[in-house]
Amino acid sequence: MKVVSCDVLIIGSGGAGARAAIEAHDRGAHVIVVAKTLEGKAHTVMAEGGINAALGFRDPDDSWESHFMDTVEEGVFLNDQRMAEILARESPDRVFDLERFGAMFDRDEQGRIAQRPFGGQSHRRTCYVGDTTGHEVIMTLVEAARHRGIDYRSELVVTTLLHDPDDAGTIIGAFAIEVHSGSYLVFLASATILATGGAGRIYTITSNPVEATGDGYAMALRSGATLVDMEQTQFHPTSMIFPESAKGMLVTEAVRGEGGYLLNSEDERFMKRYNPEQMELSPRDQTARAIYTEIQEGRGTPRGGVHLDITHKGRDLIMARIPRMVKQFEKFANIDITTFPMEVAPTAHHFMGGVRVVPETCESTDLPGLFACGEAAGGTHGANRLGGNALAETQVFGKRAGEAAADYAVGRSPPVDHDAVFVQREIERLEQPLGAEGAAPHALKEELGRLMWENAGIVRNEKLLVEGLRRLRHLGRTQCAVKGSRRYNPDWVDYIELQNMVLVSECVLTCALSRKESRGAHYRSDHPKRDDSSGLVHYTCTLQDEVLHIGSVPVEITRADPTMRKGD
Ligand code: FAD
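Residues numbered from 1 in each chain as written. Predicted model: local features only at pLDDT ≥ 70, side-chain atom pairs only at ≥ 80, totals over all residues. Heavy atoms only, no water.

**Digging into the overall build of the protein chain**
For the protein chain, the helix and strand inventory stands at 14 helices and 18 strands. Here the C-alpha atoms of the protein chain give a radius of gyration of 22 Å, agreeing with the 24 Å that 2.2 N^0.38 yields for 568 residues. Projected onto its principal axes, the C-alpha coordinates of the protein chain cover approximately 65 × 50 × 50 Å. Residue burial in the protein chain is summarised as follows: out of 568 residues, 61% are buried. (Helix = DSSP H or I, 4+ residues; strand = E, 2+ residues; numbered from the N terminus. Rg over C-alpha atoms; globule rule 2.2 N^0.38 Å. Buried < 20%, exposed > 50% of the residue type's maximum accessible area, 1.4 Å probe, protein only.)

**Focus on the site of the ligand**
In the vicinity of the ligand lie 39 residues, with Thr 37, Thr 44, Gly 49, Glu 375 and Leu 391 positioned nearest. Contact between the ligand and Ala 195: an oxygen atom at 3.4 Å from a main-chain N or O atom of the residue. For the ligand, the protein covers 99% of the area, taking 1,000 Å² as the surface of the free molecule. Of all elements in the fold, only helix H1 (15-26), strand E7 (156-164), helix H5 (215-223), strand E14 (342-351) and helix H10 (389-409) reach the threshold of two or more residues within the shell around the ligand. It is H10 that provides the largest number of residues to the shell around the ligand, a total of 4 residues. Its residues assigned to classes, the shell around the ligand comprises 14 nonpolar, 19 polar and 6 charged. (Near = heavy atom within 4 Å. Polar contact = N/O pair within 3.5 Å; in protein donor to acceptor, adjacent residues only side chain to side chain. Areas by Shrake-Rupley, 256 points an atom, 1.4 Å probe, with all protein chains shown as cover. Nonpolar A, V, L, I, M, F, W, Y, C, P; charged D, E, K, R; others polar.)

**Here's the deal with H5**
In terms of residue burial, H5 counts as a mostly covered element, since 8 of its 9 residues are buried. Those residues of H5 not exposed but buried are Asp 215, Gly 216, Tyr 217, Ala 218, Met 219, Ala 220, Leu 221 and Ser 223. After H5 finishes, the residue Gly 224 shows a positive phi value of roughly 110°.

**Considerations on the sheet that holds strand E3 (residues 51-52)**
Strands sit in the order E3-E5-E4 across an open sheet of 3 strands; the sheet is antiparallel. The sheet terminates laterally at E3 and strand E4 (115-116), the two strands that pair on one side only. Alignment of E4 against strand E5 (residues 126-127), held across 2 bridges, turns out to be antiparallel. Within E5, the position partnered with Arg 116 by the bridge is Thr 126. (Pairing = 2+ DSSP bridges.)

**Comments concerning the side chain of Thr 159**
Its location among the elements puts Thr 159 in strand E7. Judged by relative accessible area, which is 3%, Thr 159 ranks as buried. A polar contact of 2.6 Å, which involves the side chain of Thr 159, links it to the side chain of Glu 426. What Thr 159 contacts, discounting residues up to four positions off in sequence, is Phe 175, Ala 176, Ile 177, Met 219, Arg 222, Glu 426, Arg 429, Leu 430 and Ile 496. (Contact = heavy atoms within 4.5 Å.)

**Side note on the packing of aromatic side chains**
What the rule picks out here adds up to 8 aromatic pairs. The interplanar angle of 35° and the centroid separation of 5.3 Å between the aromatic rings of Phe 175 and Tyr 184 together place this pair among those described as tilted. The burial state of Phe 175 is the same as that of Tyr 184; both residues are buried. Relative to Trp 453, the ring of Phe 235 lies with its centre 5.8 Å away and its plane at 75°, an arrangement referred to as edge-to-face. Of this pair, Phe 235 sits in strand E11 (residues 233-240) while Trp 453 sits in helix H12 (residues 441-455); the two residues are 218 residues apart in sequence, bridging distant segments of the chain. Under the relative-accessibility criterion, Phe 235 is labelled buried at 4%. Members of the aromatic cluster, connected to one another through ring pairs, are Phe 175, Tyr 184 and Trp 492. Over the ring of Tyr 128 we find Arg 116, and its NZ or CZ is 3.8 Å from the ring centre. Lying over the aromatic face of Tyr 408, Arg 412 brings its terminal NZ or CZ to 3.8 Å of the ring centre. (Phe/Tyr/Trp six-rings, centres within 6.5 Å; stacked < 30°, edge-to-face > 60°. Lys NZ or Arg CZ within 6 Å of the ring centre and 35° of its normal.)

**Describing the state of the cysteines**
The tally for this structure, following the rule as stated, stands at 0 disulfides. The thiol of Cys 362 is not disulfide-bonded; the next cysteine sulfur, from Cys 373, is found 5.9 Å away. In this model Cys 507 remains outside any disulfide bridge; the closest cysteine sulfur is found in Cys 541, 3.8 Å from its own. Taking relative accessible area as the criterion, Cys 507 reaches 0% and is therefore assigned buried. (Disulfide = S-S within 2.5 Å.)

This is the structure we're talking about:
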């Protein structure tokens, strides 16, 4: 088995991993980035509408304080306020870093970075590159990393973190499979950063790419880390609903930011009945539930969506501001959105929860040597994420994680040994379905997606969640069969991901059952109100002897008063 050493191992090459790599490298660390995906192809490339930074170019009275308050109000006070503050204070500098690395943001009339309005925000602060912002961000970062000669290794699936054989609490790297050869690799590192993104793929309807299977959450949990806020899964209000192959594909918030109307089958701008002040730019949870309600109450389209109409803005503006949407609808649905409304419905989009970290350093609160950033880490967004804040999070906390991991690693001698017995057990776990009789992992993945959509979707209640857990336990016990060998075997990768998805789904269902109130994206029809009376807590997940434990820790209030009633 090949053993590779470095100072800082980064798992994941999306916006967060790439930014962390640049920072760690610039602080003198020898960095290796490993990822399931090819360089530049991570989920981040799909980000469309923009990145938030209180630059104050479009609205001079914008400020980091205002960005912070919007973030915490949207998060219904479940945010880690220290993380929200860091995000709001530092995102302007991180946007300027991107410019320095070569990103070409769209400009306003005076040549400054243009800023557009986004849902739930008091000011126009979302910086953008048309509706392909993520593409610009990731290409810029990949280029900056290449320029530095950073070692990227693609198409490697990391399956577990490794503990120091002399100090079981400390993480010293990870174990991976090289997809094309099926061979095993051990990475030994003084510091390991999880930048593995989210787990949208546990839902059958999702905007997320195939790799978003929650591997980082599952690996962190199995290694002894704590996860927080796992019940908080965001459903984006608008995604394509046909054809079947495009179901769930995101229709960016920029469409509403640029003035698009949401209309039901009676041609009514129905948001006026849900949030007459903010209308189409209401917070994502409210808008998604409003669309869901219209459809449930029979005011949807025959295909089961609502209309999103931007035709009144004229072809020129549409082509200039949301060209990708024009292409997307032309290509998949044969519809010209400059003359016809889009048909849309909600889609599973973002994990607000994740690995519990120290806000300033992104270090795991439980495991020395482990850091997490981007969507892999929990806390910043609380119960709901503002559009544009995820890209900001990748840059702000990617930089901080890279910095802290490099400082932790440089000067330490890299680990030289790993626990061979542990690795052998891991190999046995991975190879268990090879040649066995049983169900195909991809079929179980599909079943899991339906289960989570039906039982832990936009509207939840005790009956649905308990039923979901029962279905999940049955699914989790099903024997899988993987045909063929270890060499380039997508079924085998499906099996490995499925194990992670089942564990992450258990976290979502169990935390959702524990949170007996509605808060942000977590809406319970049996507890439809927000409830501050029993103290505001984060639900936490830990694994002990392979059994999931749910605990709670109080939300630390540093700045914003949670007795404000917004979000009721
Ligand atoms: P990712 O970009 O998801 O990268 C994760 C990396 O980890 C990948 O390289 C993956 O291959 C790797 N990985 C995962 N598991 C393993 C494993 N086991 N072994 C090895 N590697 C692994 N946010 C905004 O702020 N603004 C927007 O306009 C916006 N638009 C969006 C549009 C769409 C369609 C979607 C889906 C999301 C959008 N978001 C947006 C959200 C945002 O894109 C993501 O939250 C963010 O890009 C996540 O970045 P990340 O670096 O944390 O993870």
